[in-house]
Amino acid sequence: MSSLGIKPGVWSDGYVEYEWRHIRCMLLKYSAHFEGRSGLELGCNVGATATVLALMGARVTAVDIKEEFCALAALNASRYGVTEAVSPPLRTGYPEPAV
């Protein structure tokens, strides 16, 4: 992860588990069923929501403006065995804002 320029921490190392405990429960409460459905995660960051939706049976396309987050999202999908369900995260064509 440090090779991607991202400091280890809860937002990168444990965020999929965090989303699993939180967003999955909320989605299930409202009887959301994702088996066989398609999803899109805009601003995927580490791909946690895309990974959780894939674990729930959806096929997800993840998109982020930062290339390093797309790489991390792909690593998380692989780590949780849902590479086939999460399209390779895409980097949008927008340039970085000038500072």
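Because the structure is a prediction, the values reported are computed rather than measured.

About the cut-offs
Residues numbered from 1 in each chain as written. Predicted model: local features only at pLDDT ≥ 70, side-chain atom pairs only at ≥ 80, totals over all residues. Heavy atoms only, no water. Helix = DSSP H or I, 4+ residues; strand = E, 2+ residues; numbered from the N terminus. Buried < 20%, exposed > 50% of the residue type's maximum accessible area, 1.4 Å probe, protein only. Contact = heavy atoms within 4.5 Å. Areas by Shrake-Rupley, 256 points an atom, 1.4 Å probe, with all protein chains shown as cover. Salt bridge = Lys/Arg side-chain N within 4 Å of Asp/Glu carboxyl O. Phe/Tyr/Trp six-rings, centres within 6.5 Å; stacked < 30°, edge-to-face > 60°. Axes fitted to C-alpha atoms, helices over the stretch in contact; angles between N-to-C directions. Parallel < 35°, antiparallel > 145°, perpendicular 65-115°, else oblique. Left-handed = near helix turned anticlockwise from the far one by under 90°.

Colleague: I keep staring at the overall build of the chain and nothing clicks. Help me out?
Modeller: Of regular secondary structure, the chain possesses 4 helices and 3 strands. Along the chain, helices (α) and strands (β) appear in the sequence α-α-β-α-β-α-β when read from the amino end. The buried share among the 99 residues of the chain stands at 34%. Long-range pairs, those at least 24 residues apart, make up 62% of the contacts in the chain between residues at least 6 apart in sequence. For the chain, the exposed area adds up to about 6,300 Å²; of that, 59% sits on carbon and sulfur atoms.

Colleague: What's the story with the pattern of salt bridges in this structure? I'm lost.
Modeller: Oppositely charged side chains are able to pair whenever their charged atoms sit close together. For the structure on display, the rule yields 2 salt bridges. Where Glu-17 meets Arg-79, a salt bridge forms, and the shortest distance between an N and an O atom there is 3.9 Å. In this pair, Glu-17 is assigned in helix α2 (residues 15-29) and Arg-79 in helix α4 (residues 67-79), connecting sequence segments 62 residues apart. A relative accessible area of 29% means that Glu-17 is categorised as partly exposed. Across the pair Lys-66 and Glu-68 runs a salt bridge whose closest N-O atoms are separated by 3.9 Å. Judged by its relative accessible area of 29%, Lys-66 is partly exposed.

Colleague: Sorry, what's going on with the packing of aromatic side chains here?
Modeller: Aromatic rings considered in pairs are described by the distance between their centres and by the relative angle of their planes. Evaluation of the coordinates by the stated rule reveals 1 aromatic pair. Note on Tyr-15 and Tyr-18: the rings are 5.4 Å apart at their centroids and 15 degrees apart in plane angle, and the pair reads as stacked. Within this pair, Tyr-15 and its partner Tyr-18 are both found in helix α2, separated by 3 residues, close to a single helical turn. Assessed through its relative accessible area of 19%, Tyr-15 is described here as buried. Classification of Tyr-18 as partly exposed rests on a relative accessible area of 32%.

Colleague: Whenever I open this one, helix α3 (residues 48-55) confuses me. Can you help?
Modeller: Spacing of three or four residues puts side chains on the same side of an α-helix, whose turn is 3.6 residues. Most of α3 sits out of view: 7 of its 8 residues are buried. Every buried residue of α3 is listed here: Ala-48, Thr-49, Ala-50, Thr-51, Val-52, Leu-53 and Ala-54. Check the buried side of α3 and you find it contacts α2, β1 (38-42), β2 (59-64), α4 and β3 (86-91). Positive backbone phi, at 110 degrees, marks Gly-57, one or two positions downstream of α3.

Colleague: Any chance you could explain the packing of α2 against α3 here in plain terms?
Modeller: Describing two packed helices takes the angle between their axes plus the distance from one axis to the other. It is the contact of α2 with α3, at a shortest axis distance of 9 Å, that shows an interaxial angle of 60 degrees. The orientation of α2 with respect to α3, classified from their angle, is oblique. The hand of the α2/α3 crossing is right-handed. Every residue of α3 that contacts α2 at Tyr-15, Val-16, Glu-19, Trp-20, Ile-23, Arg-24 and Leu-27 is listed here: Ala-48, Thr-49, Thr-51, Val-52, Leu-53 and Leu-55.

Don't take any of this as a statement about function, it's just geometry.
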